[in-house]
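# Structural description and commentary
These are the residues of each chain, in order.
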Amino acid sequence: MASGACCGALRGFLFEYDTPRIVLIKSRKVGLVNRAVQLAILAYVIGWVFVWEKGYQETDNVVSSVTTKVKGITVTNTSELGLRVWDVADYVIPPQLPDKTTVCNSSKDCAAGYIGTHSNGVQTGKCRKYSTSVKTCEIYAWCPVENDTHLPKPAFLKDAENFTILVKNNIWYPKFNFTRRNILPSISTIYLKTCIYDPKTDPFCPIFRIRQIVEAAGQKFQEMAVEGGVMGVQINWNCDLDKSASYCVPKYTFRRLDNKDSDHTVSPGYNFRFAKYYKDASGTDSRTLIKAYGIRFDIMVFGKAGKFDIIPTMINIGSGLALFGVATVLCDIVVLYFMKKRYYYREKKYKYVEDYELGASETYGTQS
């Protein structure tokens, strides 16, 4: 006969629980810190979020279209063109690309039908003498080819500074189905025929004198007109649709877009070519090719509209209320780490309690 025993034991486990504890501290310094933080948060929510950023509004970006009309007449008298009157049909021209010639040594260098990237025409396949020392590929093109080595100074159309530009701008905020144009309802036909934009006396007149646009960008027209340039006309529409539509008005600003400095001397300014076609006395097709150095106007429209909506209002109010929790955190930091009695406050804030039991065992026996 044999007997035996089996023993088992339960071990104890230690569990830790953190529960919040509220400590009331009667301190003028802590009270001032708490009040200052709360006031700062309140000022941020009211002043920045709701007043400045209009956090109670739904917003939308502008959709825009722009058309322009230039007016002005000037007269020139040159040996090439003689006495000539220039109007809108002569100087408002779309741009074209420049041309160059191709140098060759023999006809083998010239491919019939080839059109080079900077060519003046179509090559015939023949190499001809251009001068006593230079040969070029013969081309089928308008003769004579362009000579743009001479740049007129002062500008050829120097009186263009007095030309005017009528800018028509229509905007739309699709989210609010709101439309507006820069020719405001208060502008009459008589006023439109006589007004010229001035930032102080006529800030909403849509007619601009070219010289004033250039000067507003800090440039001089007579210098800019020699080699040309690119001017930017910016129209800003920032509208608060909680107010009357009459407060939604455009604001114009101007700047030069192309760089004009010592670091940008290669191909400066802006120029393009255009031609006038006719038949001479013998019936031959002829043309007058003009390389124009002009000013290009890029009109850019920016804008944002806002209108009251309950959803962004409630979101920003909830976010603002949540920020007040920051005051408690900052006060804890000041009390526990910077005040003289920080160790005393830390003992009051944190209390450690040990409450656990260590095991029990049970024995089981079997016989056989």
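Rules used in this analysis
- Residues numbered from 1 in each chain as written.
- Predicted model: local features only at pLDDT ≥ 70, side-chain atom pairs only at ≥ 80, totals over all residues.
- Heavy atoms only, no water.
- UniProt positions renumbered as here; feature names shortened; annotations may be inferred.
- Helix = DSSP H or I, 4+ residues; strand = E, 2+ residues; numbered from the N terminus.
- Buried < 20%, exposed > 50% of the residue type's maximum accessible area, 1.4 Å probe, protein only.
- Contact = heavy atoms within 4.5 Å.
- Expected span 1.5 Å × (residues − 1).
- Lys, Arg positive; Asp, Glu negative; His and termini not counted.
- Salt bridge = Lys/Arg side-chain N within 4 Å of Asp/Glu carboxyl O.
- Polar contact = N/O pair within 3.5 Å; in protein donor to acceptor, adjacent residues only side chain to side chain.
- Disulfide = S-S within 2.5 Å.
- Pairing = 2+ DSSP bridges.
- Axes fitted to C-alpha atoms, helices over the stretch in contact; angles between N-to-C directions.
- Parallel < 35°, antiparallel > 145°, perpendicular 65-115°, else oblique.
- Left-handed = near helix turned anticlockwise from the far one by under 90°.
- Nonpolar A, V, L, I, M, F, W, Y, C, P; charged D, E, K, R; others polar.

So, on to the UniProt feature "glycosylation site" (unreviewed entry) in the protein. Mapped onto this numbering, the UniProt entry annotates "glycosylation site" (unreviewed entry) at Asn162. Mapped onto the fold, Asn162 is located in the loop between strand 7 (135–140) and strand 8 (164–173). Of the residues examined, Asn162 reaches a relative accessible area of 39% and is grouped as partly exposed. Among all residues touching Asn162, those that are not within four sequence positions of it are Arg209 and Arg211.

It is worth spelling out helix 1 (residues 28–52) at this point. The terminal C-alpha atoms of helix 1 lie 33 Å apart, and with 25 residues this matches the ideal 36 Å at 1.5 Å per residue to within 8%. Among all positions in helix 1, only Val30, Val37, Ile41, Val45, Val49 and Phe50 are buried. Summarising the contacts, the buried residues of helix 1 are in contact with helix 6 (310–323) and helix 7 (325–337). Two residues or fewer after helix 1 comes Lys54, characterised by a positive phi angle close to 50°.

Turning to its location among the elements, Arg180 is positioned in strand 9 (residues 178–181). Here Arg180 is buried and forms no salt bridge, its nearest opposite-charge partner Asp240 lying at an N-O distance of 13 Å. Among the polar contacts made by the side chain of Arg180, one reaches the main-chain carbonyl oxygen of Ala245 at a distance of 3.1 Å. Polar contacts involving the side chain of Arg180 include one to the main-chain carbonyl oxygen of Cys248, which spans 3.0 Å. Setting aside anything within four residues of it in sequence, one finds Arg180 in contact with Asn169, Asn170, Ile171, Pro185, Trp237, Ala245, Ser246 and Cys248.

Bringing the environment of Lys307 into the picture now. In this fold, Lys307 is placed in strand 15 (residues 295–308). Sequence separation between Lys307 and Asp242 is 65 residues; the distance between their C-alpha atoms is 5.5 Å. Among all residues touching Lys307, those that are not within four sequence positions of it are Tyr56, Gln57, Glu58, Phe176, Leu241 and Asp242.

Turning our eyes to something else, we now look at the state of the cysteines. Scanning the entire structure with this criterion turns up three disulfides. Each disulfide pairs two cysteine sulfurs, and for Cys195 the partner residue is Cys205, the sulfurs being separated by 2.1 Å. Here the disulfide of Cys195 and Cys205 is right-handed, its torsion about the S-S bond being about 75°. Of this pair, Cys195 sits in the loop between helix 3 (189–194) and strand 10 (207–209) while Cys205 sits in the loop between helix 3 and strand 10, and the two are ten residues apart along the sequence.

Let us look at unusual backbone geometry. The phi torsion at Lys54 lies on the positive side, around 50°, for a residue other than glycine. For Lys54, the position within the fold is in the loop between helix 1 and strand 2 (57–61). Look at Lys54 and you get partly exposed, because its relative accessible area is 29%. Not every positive phi belongs to a glycine, and Asn177 is a case in point at roughly 50°. Tracing the backbone through its elements, the reader meets Asn177 in the loop between strand 8 and strand 9.

Attention now moves to the sheet that holds strand 2. Pairing within the open sheet is mixed, and its four strands lie in the order 2-15-11-12. Both outer strands of the open sheet, strand 2 and strand 12 (251–256), are each paired with one neighbouring strand and no more. Along the sheet, successive strands turn relative to each other by an average axial angle of 20°, direction set aside. The pairing of strand 11 (residues 229–240) with strand 12 spans six bridges and is classified as antiparallel. Note that in strand 12 the partner of Ile235 across the bridge is Tyr252.

With that out of the way, let us pick up the side chain of Arg256. Mapped onto the fold, Arg256 is located in strand 12. For Arg256, a relative accessible area of 11% translates into the label buried. For Arg256, the side chain forms a polar contact with the side chain of Gln219, separated by 3.2 Å. Within the structure, Arg256 has its side chain in polar contact with the side chain of Asp258 (distance 2.8 Å). Not counting chain neighbours up to four residues away, the residues in contact with Arg256 comprise Ala217, Gln219, Met224, Gly228, Gly229, Val230 and Met231.

Direction vectors running N to C along helix 1 and helix 6 enclose 160°, while the axes themselves pass 9 Å from each other. Between helix 1 and helix 6, the angle falls in the class roughly antiparallel. Remark: the crossing between helix 1 and helix 6 carries right-handed chirality. Across the interface between the two elements, Ile41, Tyr44, Val45, Val49 and Phe50 from helix 1 touch Thr313, Asn316, Ile317, Gly320 and Leu323 from helix 6. For the contact of helix 1 with helix 6, a count of residues per class yields seven nonpolar, three polar and no charged.

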